[in-house]
Amino acid sequence: MQVVVSHNDWSLYRKGQLDQKRHREKVKEAVKQNLSDLVAEESIILSDGKKVLKVPIRSLEEYKFRFDAGKRGHVGHGNGNSKVGDVIAKGKNNGTANGAGDEPGTDYYEAEITIEELQELILEDLILPNLKEKKKPEIRTLTYEFRDVRRRGLIGNLDKKRTLLEAMRNTALRGRDAGTLGVHPPPISDEDLRFKTWEQRYKVRSNAVVLAMMDTSGSMGNFEKYIARSFYFWMVRFLRTKYDQVEIVFIAHDTNAREVTEEEFFRKGESGGTRCSSAYELALAIIDTRYPPSEYNVYPFHFSDGDNFPSDNARCLKLVTGLLGKCNAFGYGEIGGSQTISESTLMSIYQRIEDEKLTCVTIKEKSQVYPALKAFFQKCEGPLAG
Amino acid sequence: MEQHERDSLEQEIARIGEKAKEFGLDFFDMRFEVCPADVLYTFGAYGMPTRFSHWSFGKAFHRMKMQYDYNLSRIYELVVNSNPCYAFLLNTNSLLQNKLIAAHVFAHSDFFKNNSRFQRTQRDMIESMSASSERIRKYEFLYGKAIVEQFLDAALSIAEQVDPYLRKAWNQAKEESPLPEKDILFFLIHHSKRLEEWQRDILSIIRNEMLYFWPQMETKIMNEGWASYWHLRILRELDLDPSESIEFARMHAAVTQPSMRTINPYLVGIKIFEDVERRWNEAGQGGREKIFEVRESESDVSFLRNYLTKELVEELDLYVYKRVKDDWQIVEKRRDVVRDGLVAALTHCGVPYIVVQDGDYNGNGELMLHHSYEGMELDPTYTEKTLEYLFRLWGRPVHLETVYEGAARIFTYDGRDHRHR
């Protein structure tokens, strides 16, 4: 009988990681296919603190012929005095998280994705259209970004905290010197070392301002308000992540318009009648005083349910035409819930304007928010695109 | 691991091997490999060190690694049914942990060598899988990763539909194999008109792997029970110091923990073996000899049917639970019913018994399958999705006869829509 014990070098073995990477890609692909639903997902828009989301994805189940776990009996062990009627597990509709085919399990795979990852997917293809060079010269600033933690690196980049944590963890696992933990620093071996790696990147500044206008009149119900918020939620994230120097001006209006803070913009209640021209007037005033088009790329956006005072519509048309002369792109989103879009809504009026800088979209349901984002923020063919 | 630790480990493992032999365990030559967590979890996820690549393994790897990283559970070892027998030890195990695992592994090796279900398994599967993985990689290079992945997705969905006990000569052609055919993979390989050579090769690789793994699936409880029985007895023979003894007790307790939602094969297995030994000894009929005999001739289904006594069901406090409205509740405690329920769940490794009934259904080259209904219904969503995969493999409409919601039904997928009738 022969017994051999070997200790080979496994440091280059990456098979699990490679397939895990492939799995992760599939998760991203699947999430991408579901983006329209996720963009307007309440738990994302309404919560701010949640870092990790669980996204149910059917395409990552490993399908095969199997018995229906929900219909059959399963065997378990009790603690000595179990009896009929005892509850083993309380179910939400789909049981507990256990993928195995012969155990009560979820009906679908739940992938975990961080808000950042989701954001990356949603914002991937978005870009400020028609971005142009303005009088103020472009300033390229050199920045350093902390990108990754690795096991090798320059000693000057040693991540002391992570290294110590690794050392402590590995020491505890090996069971050595357990008594000295917490008294002396644990012995650090090569495999515990962790280094930060930095990358140089250039950030390009183009001066731009986005004027976000939202109808907060009484006719904007919960659904309409929610849609507008969803859109602006992602728009703000998009601008803040991808562009260094974009200012955002928030304007809320009913019969009168007011410049508000970001917080007020997202939380303001609705009341009052609707006079959309008030918002455009304010926007124009702000542009003229603070953001001359010669120096800034200007992007006004307006979301409303389109139910304007009919007598105001002509004025709106005139103002929008004026705005179009001063901006790079103008976006108008009309949210039609259960109301039919009648002849007198703003949309029917704007549709008569022929200007490629104007983009109008109608949003009737949550799944149309993402397409709207893409419609407004799309790459255009032009010398200065991107 | 420091050199002196490696030397101790080697000496200890050799000693344990000697003890195992003294007890009568009979195993192949052993090769222990010490490796880091990543590697062990890779093997755990893939089932074997040299398996082909697929995202589903990545998913399993991620899950296992997460549980390890969050300290939720650990695999300590992995042992392969092969000759020589390969075993992988986690490099962060303590010496005592490795001793227990080594003892456990020697018993697994004895089980693989002697249990009748394993007699025809390929003992050089590691090399064989390495060669198959190489071929699959070649196909990925020739035809594109995405194409191969999509094919694997379909092939894996019916991987379990093989016939492990019918010896088919590889060139046994169409005319000679009568219907109904249980080995759906075999049937597709030989009769599907739309598969290319490389696709048939992949199906045969998958089939081969399942034939290799099937005995392990059929004897999980026995094998873990056997290995636990022996790690207990072998370690008691070693001179453990007090701290080692405590760690040993703790480890054994952790491994044999009862679980509310599923049975623990280590616990059920060891209890049955100990009970058989005790009863045969009490009857003056050689308990130790008896359990060696049992480990050779039984598989889980017969093991439980013959040796899971009503007393044991009670001692282990086993029960059957089911979904009742929104919760999972215990519905059965009568000992014989519980035992029968467990045996039923383990029958055919918990895989639905499905056969090819007709390869030319409707005179139109359609595939008709039949599910042998024995009281447990199929998961409808999974059934539909799997039929979609089958369509991909067969090329024409596929049908499955089964019982759904109490009535006989046929599920059909024609390439575009699903129908039930």
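Keep in mind the model is a prediction, meaning the values are calculated, not measured.

## Brief notes about the overall build of chain B
Right, so step 1: Helix and strand content of chain B: 16 helices and 10 strands.
Right, so step 2: Out of the 421 residues in chain B, the part that is buried amounts to 57%.
Right, so step 3: Of the contacts made within chain B by residues no fewer than 6 positions apart, 68% connect residues no fewer than 24 positions apart.

## A look at the overall build of chain A
Right, so step 1: Tallying secondary structure elements over chain A gives 11 helices and 13 strands in all.
Right, so step 2: Put simply, chain A has 386 residues, and 45% of those count as buried.
Right, so step 3: Taking contacts inside chain A between residues at least 6 apart in sequence as the whole, the part at least 24 apart equals 81%.
Right, so step 4: Accessible area for chain A stands at about 20,100 Å²; split by element, carbon and sulfur atoms hold 49% of it.

## Some words on the sheet that holds strand 10 (residues 418-420) of chain B
Residue and element names in this part refer to chain B.
Right, so step 1: Spatial ordering of the open sheet is given by 6-7-8-9-10, a layout of 5 strands whose pairing is mixed. For this open sheet the edge positions go to strand 6 (354-361) and strand 10, each flanked by a neighbour on one side alone. Averaged over all pairs of adjacent strands, the angle between strand axes in this sheet comes to 20 degrees, irrespective of strand direction.
Right, so step 2: One ladder, built from 5 bridges, connects strand 6 with strand 7 (residues 366-371); its direction is antiparallel. From the neighbouring strand, Tyr361 faces strand 7, where its bridge partner is Glu366.
Right, so step 3: On the sheet, helix 7 (residues 184-191) packs against strand 6 and strand 7 and is oriented at approximately 25 degrees with respect to strand 6.

## Focus on the packing of helix 7 of chain B against helix 8 (residues 197-218) of chain B
Residue and element names in this part refer to chain B.
Right, so step 1: For the pair helix 7 and helix 8, interaxial distance at closest approach is 10 Å and the crossing angle is 160 degrees. As far as their axial angle goes, helix 8 and helix 7 are roughly antiparallel. Once helix 7 is placed against helix 8, the crossing between them reads as left-handed. Listed contacts from helix 8 to Leu185, Phe186, Leu188, Ile189 and His190 of helix 7 are Arg200, Leu203, Ser204, Ile206 and Arg207.
Right, so step 2: Here the residues of the contact of helix 7 with helix 8 sort into 6 nonpolar, 2 polar and 2 charged.

## Observations concerning the confidence of the model for chain A
Residues shown with low pLDDT carry predicted positions that ought not to be read at fine detail.
All names here are of chain A.
Right, so step 1: Of all residues in chain A, 76% attain a pLDDT of 70 or more, and the chain-wide mean is 76.
Right, so step 2: The weakest mean pLDDT in chain A belongs to helix 3 (residues 42-45) at 63; the strongest belongs to helix 8 (residues 277-290) at 92.
Right, so step 3: Overall, residues 93-107 carries pLDDT values under 50, and its contacts beyond four positions in sequence, including any with other chains, amount to 35 contacts.
Right, so step 4: A low-confidence stretch, residues 177-181 stays under pLDDT 50, and its non-local contacts, those more than four residues away or across chains, total 4 contacts.

## Description of unusual backbone geometry
Right, so step 1: The omega angle of the peptide bond from B:Asn83 to B:Pro84 is 5 degrees, so this bond is cis rather than trans.
Right, so step 2: You can see B:Pro84 is positioned in the loop between strand 2 (77-79) and strand 3 (85-90).

## Description of the packing of aromatic side chains
Right, so step 1: Enumeration according to the criterion identifies 40 aromatic pairs over all chains in this entry.
Right, so step 2: Aromatic rings pair up to connect A:Phe231, A:Tyr232, A:Phe238, A:Phe250, A:Phe265, A:Phe301, A:Phe303, A:Phe376 and A:Phe377 into one cluster.
Right, so step 3: Geometry around B:Tyr229 places B:Arg233 over its ring, the cationic atom sitting 3.7 Å from the centre.

## Considerations on the nonpolar core
The tendency in soluble globular proteins is for nonpolar side chains to be buried side by side.
Residues and elements named next belong to chain B.
Right, so step 1: Core analysis: the largest hydrophobic core is formed by 69 residues, its most contacted members being Ile202, Leu369 and Leu390.
Right, so step 2: Counting residues per element, this core draws most heavily on helix 8, at 10 residues.
Right, so step 3: Filtering out sequence-adjacent residues up to four positions away, Ile202 remains in contact with Ile136, Tyr139, Val148, Phe151 and Leu152.
Right, so step 4: Membership of the second largest hydrophobic core comes to 64 residues, among which are Leu240, Met251, Tyr307 and Val313.

## Remarks on helix 1 (residues 3-23) of chain B
Right, so step 1: Here helix 1 of chain B is 21 residues long and its end C-alpha atoms lie 31 Å apart, about the 30 Å a rise of 1.5 Å per residue gives.
Right, so step 2: Within the sequence span of helix 1 of chain B, burial applies to B:Leu9, B:Glu12, B:Ile13, B:Ile16, B:Gly17, B:Lys19 and B:Ala20. Take helix 1 of chain B and look down its axis: the buried residues cluster within an arc of 160 degrees, on one side only. Residues of helix 1 of chain B that are exposed and point over 90 degrees away from its buried face: B:Gln3, B:His4, B:Gln11 and B:Glu22.
Right, so step 3: On the buried face of helix 1 of chain B, the contacting elements are strand 1 (3-6) of chain A together with strand 1 (30-35), strand 3, helix 4 (95-114) and helix 9 (220-237) of chain B.
Right, so step 4: Note on helix 1 of chain B: the residue one or two positions beyond its end, B:Gly24, has a positive phi of about 105 degrees.

## Details of the pattern of salt bridges
Right, so step 1: Counted by the stated rule, this structure contains 36 salt bridges over all chains.
Right, so step 2: Measuring nitrogen to oxygen at the nearest pair gives 3.3 Å for the salt bridge that ties A:Asp86 to A:Lys83.
Right, so step 3: Here the salt bridges do not stand alone but share partners, grouping A:Arg22, A:Glu25, A:Lys26, B:Glu149 and B:Asp153 into one network.

## Quick look at helix 16 (residues 380-394) of chain B
All names here are of chain B.
Right, so step 1: For helix 16, with 15 residues, the first-to-last C-alpha span of 20 Å sits near the 21 Å given by 1.5 Å per residue.
Right, so step 2: For helix 16, every residue scored as buried is listed here: Pro380, Tyr382, Thr383, Thr386, Leu387, Tyr389, Leu390, Phe391, Leu393 and Trp394.
Right, so step 3: Looking at the packing, one finds that the buried side of helix 16 touches helix 6 (145-157), helix 7, strand 6, strand 7, strand 8 (398-404) and strand 9 (407-413).
Right, so step 4: Among the residues of helix 16, the N-terminal cap falls to Asp379, whose side-chain oxygen and the backbone nitrogen of Thr381 are separated by 3.1 Å.

## Considering a nonpolar patch on the surface
Residues and elements named next belong to chain B.
Right, so step 1: Together, Phe141, Leu142, Tyr143 and Ile147 make up an exposed nonpolar region whose accessible area comes to about 460 Å².
Right, so step 2: With 3 residues, helix 5 (residues 125-143) is the largest single contributor of residues to the nonpolar patch.
Right, so step 3: Within the element layout of this structure, Tyr143 appears in helix 5.

## Let's talk about the interface of chain A and chain B
Right, so step 1: Listed by partner, the interface residues are 64 residues for chain A and 94 residues for chain B.
Right, so step 2: Interface area, chain A with chain B, both sides summed: about 7,600 Å², of which 56% is carbon and sulfur.
Right, so step 3: At the boundary of chain A with chain B, the tally comes to 6 salt bridges.
Right, so step 4: Joining chain A to chain B, the criterion identifies 28 residue pairs in polar contact (both at pLDDT 80 or more).
Right, so step 5: Of all the elements in the fold, those that place two or more residues in the side of chain A that touches chain B are strand 1, helix 1 (15-33), strand 3 (74-77), strand 4 (87-90) and helix 5 (160-174) of chain A.
Right, so step 6: Of the residues forming the side of chain A that touches chain B, the biggest block, 8 residues, is contributed by helix 1 of chain A.
Right, so step 7: Class assignment of the residues belonging to the side of chain A that touches chain B gives a composition of 19 nonpolar, 26 polar and 19 charged.

## Structural notes on the sheet that holds strand 11 (residues 297-304) of chain A
The strands making up a sheet associate through hydrogen bonds between their backbones, and the pairing can be parallel or antiparallel.
Residue and element names in this part refer to chain A.
Right, so step 1: One open sheet accounts for 6 strands, arranged 10-9-8-11-12-13; its pairing is mixed. The strands lining the two open edges of the sheet, one partner per strand, are strand 10 (257-260) and strand 13 (358-363). Here the average twist between neighbouring strands, direction ignored, is 20 degrees.
Right, so step 2: Of the pairings in the sheet, the one linking strand 8 (residues 208-215) to strand 9 (residues 246-253) comprises 8 bridges and is parallel in character.

## Side note on the confidence of the model for chain B
Residues and elements named next belong to chain B.
Right, so step 1: Counting all residues, the mean pLDDT for chain B is 89, and 94% of those residues have values of 70 or more.
Right, so step 2: Averaged over each element, pLDDT in chain B is lowest for helix 3 (residues 55-69) (71) and highest for helix 12 (residues 287-297) (97).
Right, so step 3: The ipTM, which scores confidence in the relative placement of chains, is 0.87 for this predicted complex, and the corresponding pTM is 0.69.

What counts and how
Per-chain numbering applies: the sequence of each chain, read as written, is numbered from 1 onward. All chains are assigned letters beginning at A, and all ligands numbers beginning at 1, according to the order in which they are written. At least 70 in pLDDT is required for a residue's local features to be given in this predicted model, at least 80 for side-chain atom pairs to be given and counted, and no such filter applies to totals for whole chains, interfaces and linings, which use all residues. Hydrogens and waters are ignored; side-chain quantities use all the structure's heavy atoms. Helix and strand definitions here come from DSSP, where helices need a minimum of 4 consecutive H or I residues and strands a minimum of 2 consecutive E residues; each element is numbered from the N-terminal end. Type-normalised accessible area, obtained with a 1.4 Å probe on protein chains alone, sets the label of each residue: buried when under 20%, exposed when over 50%, and partly exposed for intermediate values. Note on contacts: a residue pair qualifies if any of its non-hydrogen atoms lie within 4.5 Å across the two residues. Using a 1.4 Å probe, accessible areas were evaluated by the Shrake-Rupley method; residue-level cover was limited to the displayed protein chains. Criterion used throughout: strands pair if DSSP finds at least two bridges between them. The angle between two axes is taken between their N-to-C directions and runs from 0 to 180 degrees, where each axis is a line fitted to C-alpha atoms and a helix contributes only its stretch in contact. Geometric relationships in this document are graded by angle, where less than 35 degrees denotes roughly parallel, more than 145 denotes roughly antiparallel, 65 to 115 denotes roughly perpendicular, and other angles denote oblique. The sense of a crossing depends on the near helix, which, turned anticlockwise from the far helix by less than a right angle, makes the crossing left-handed and, turned clockwise, makes it right-handed. Throughout, the ten residues Ala, Val, Leu, Ile, Met, Phe, Trp, Tyr, Cys and Pro are labelled nonpolar, Asp, Glu, Lys and Arg are labelled charged, and all others, Gly among them, are labelled polar. Per-residue confidence from the prediction method is given by pLDDT, with values spanning 0 to 100. Here is the rule: rings of Phe, Tyr and Trp (six-membered ring for Trp) pair when centre to centre is within 6.5 Å. Planes less than 30 degrees apart are stacked, more than 60 are edge-to-face, and the remainder are tilted. Comment: the charge-over-ring label is applied if NZ (Lys) or CZ (Arg) is within 6 Å of the ring centre and within 35 degrees of the ring normal. As used in this record, nonpolar core signifies buried Ala, Val, Leu, Ile, Met, Phe, Trp, Tyr and Cys residues forming a set joined through side-chain atoms within 4.5 Å. To estimate how far a helix should reach, multiply one less than its number of residues by 1.5 Å. Throughout, the arc means the angular range of directions from the helix axis out to the C-beta atoms. Salt bridge criterion: a side-chain nitrogen from Lys or Arg within 4 Å of a carboxyl oxygen from Asp or Glu. Whenever a nitrogen or oxygen atom comes within 3.5 Å of another N or O atom, the pair is scored as a polar contact, on the condition that within protein one atom can donate a hydrogen and the other can accept it, and that pairs from neighbouring residues in sequence are kept only if both atoms are in side chains. Each patch groups residues whose relative accessible area exceeds 30% and which form no salt bridge, using 9 Å between like charges and 5 Å between nonpolar side chains of Val, Leu, Ile, Met, Phe, Trp and Tyr. Buried surface area refers to the total accessible area, computed with a probe of radius 1.4 Å, that the two partners give up upon joining, counted for both partners together.

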